[in-house]
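The lines below spell out each chain.
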Amino acid sequence: MAKLVICDHPLIQHKLTYIRDVKTTTKDFRELVDEVAMLMAYEITRDLPLETITVDTPVITTETKVIAGRPLGLIPILRAGLGMVDGVLKLVPRAKIGHVGLFRDPETLMPVEYYVKLPTDAEERELIVIDPMLATGGSAIAAIDVLKKRNCTQIKLMCLIAAPEGVKAVQEVHPDVDIYLAALDDHLNDHGYIVPGLGDAGDRLFGTK
Ligand code: PRP
Ligand code: URA
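Residues numbered from 1 in each chain as written. Chains lettered and ligands numbered in written order. Predicted model: local features only at pLDDT ≥ 70, side-chain atom pairs only at ≥ 80, totals over all residues. Heavy atoms only, no water.

## Brief notes about the site of ligand 1
What counts, and what does not: Proximity is defined per residue: if any heavy atom of the residue lies within 4 Å of a molecule or strand, that residue is considered near it. Any N or O atom pair separated by 3.5 Å or less is treated as a polar contact, with the protein-specific requirement of one donor-capable and one acceptor-capable atom, and with residues adjacent in sequence counted only for side-chain atom pairs. The protein chains shown are the only cover counted for residues, whose accessible areas, like all others here, come from Shrake-Rupley with a 1.4 Å probe. Runs of H or I in DSSP of at least four residues are treated as helices and runs of E of at least two as strands, each being numbered from the N terminus. Polarity classes work like this: nonpolar for Ala, Val, Leu, Ile, Met, Phe, Trp, Tyr, Cys and Pro, charged for Asp, Glu, Lys and Arg, and polar for all others, with Gly in that last group.
Near ligand 1 lie 15 residues; those nearest to it are R104, D131, T136, G137 and S139. With respect to ligand 1, the side chain of R79 contributes an N or O atom lying 3.0 Å from an oxygen atom. In the model, an oxygen atom of ligand 1 is placed 3.0 Å from a nitrogen or oxygen of the A80 main chain. For ligand 1, whose accessible area on its own is 500 Å², the fraction buried by protein is 90%. Counting only elements with at least two residues in the shell around ligand 1, the list comes to β6 (99-104), β9 (133-134) and α4 (138-149). Here the residues of the shell around ligand 1 sort into six nonpolar, five polar and four charged.

## Quick look at the UniProt feature "domain: Phosphoribosyltransferase" (unreviewed entry) in the protein
Going by this rule: UniProt positions are given in the numbering used here, feature names are shortened, and annotations may be inferred rather than shown by experiment.
Mapped onto the present numbering, the UniProt feature "domain: Phosphoribosyltransferase" (unreviewed entry) falls at residues 7-208. Strand forms 31% of residues 7-208 and helix 34%; the C-alpha atoms that close the span are 29 Å apart.

## Notes on a nonpolar patch on the surface
Heads up, the rule is: The residues that make up patches have over 30% relative accessible area and no salt bridge, and they are joined within 9 Å when like-charged or within 5 Å when they are Val, Leu, Ile, Met, Phe, Trp or Tyr. Criterion for a salt bridge: a side-chain nitrogen of Lys or Arg within 4 Å of a carboxyl oxygen of Asp or Glu. Per-residue accessibility, obtained with a 1.4 Å probe over protein chains only, is compared with the maximum for each type, and a residue is labelled buried under 20%, exposed over 50%, and partly exposed between these values.
Together, F103, V112, Y114 and Y115 line one region of the surface with nonpolar side chains, adding up to about 370 Å² of accessible area. The biggest single contributor to the nonpolar patch is strand β7 (residues 111-117), with three residues. With respect to the helices and strands, the residue F103 is situated in strand β6. When its relative accessible area of 42% is taken as the criterion, F103 is described as partly exposed.

## Considering the pattern of salt bridges
Pairing is possible between side chains of opposite charge, provided their charged atoms come close. Inspection of every chain in the model, using the stated rule, returns 13 salt bridges. Notably, a salt bridge pairs E172 with K168, separated by 3.3 Å at the nearest N-O pair. One end of the pair, E172, and the other, K168, are both in helix α5 (residues 164-173), four residues apart, so they sit about a helical turn from each other. One exposure class covers both E172 and K168, and it is exposed.

## Side note on the packing of aromatic side chains
As a reminder, the rule being used: Stacked, edge-to-face and tilted are the three classes for Phe, Tyr and Trp ring pairs, Trp counted by its six-membered ring, which pair at centre distances within 6.5 Å; planes under 30 degrees apart are stacked, over 60 edge-to-face, the rest tilted.
The tally for this structure, following the rule as stated, stands at one aromatic pair. Centroid distance F103 to Y114: 6.1 Å. Interplanar angle 35°. Geometry classified as tilted. Of this pair, F103 sits in strand β6 while Y114 sits in strand β7; the two residues are eleven residues apart in sequence, bridging distant segments of the chain. Given the relative accessible area of 42%, Y114 is considered partly exposed.

Have a look at this one:
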């Protein structure tokens, strides 16, 4: 089974509290999501391989480390995943971005695909699927399915908040995918919303409600 990592750094937990708060404005919500995404990127890149190169410092020639291995790709699930992309890019600015457009049918809670555009070399990259919310898990599973159909094998999932139901569903269908969260919440309500959660992530990010 792949890893389940809860990024419990105090800065992440502090900012997440204000992300959850219904009184937080759209502007502040967007800024806080951006900041938490950047902090989570520090954790999610912890295992990246390093190689040794030689550089000339002003004082001496020395051996030192740089990131090696596969280049990265970020795969936000539209819409809400977009709110976390810039934060991650602050740490890995050369990553390419692929988009997977999905929305949850409000009746069935099943994901409906409406857009896919991936980097042409996606299968050669280590990919991070990005979505603030992992509720039933249907959207994350569908996005990972899209990537695997394109022969992508190195995939991580990064979400702000998950319900246990969503984590279990992803782990059952995609047991090879490491999951990184800022918080694992209590349960899903009858409408498929995470409790306590933060409400509708897309609406809060884009001010559409
Ligand atoms: C939200 C969220 C996830 C999905 C999670 O998107 O951003 O993509 O729901 O739910 P699930 O785990 O049950 O699939 P939504 O469908 O509201 O679309 P939006 O991002 O366009 O608002
Ligand atoms: N999508 C959201 O935006 N919020 C939830 O709580 C569940 C799904």
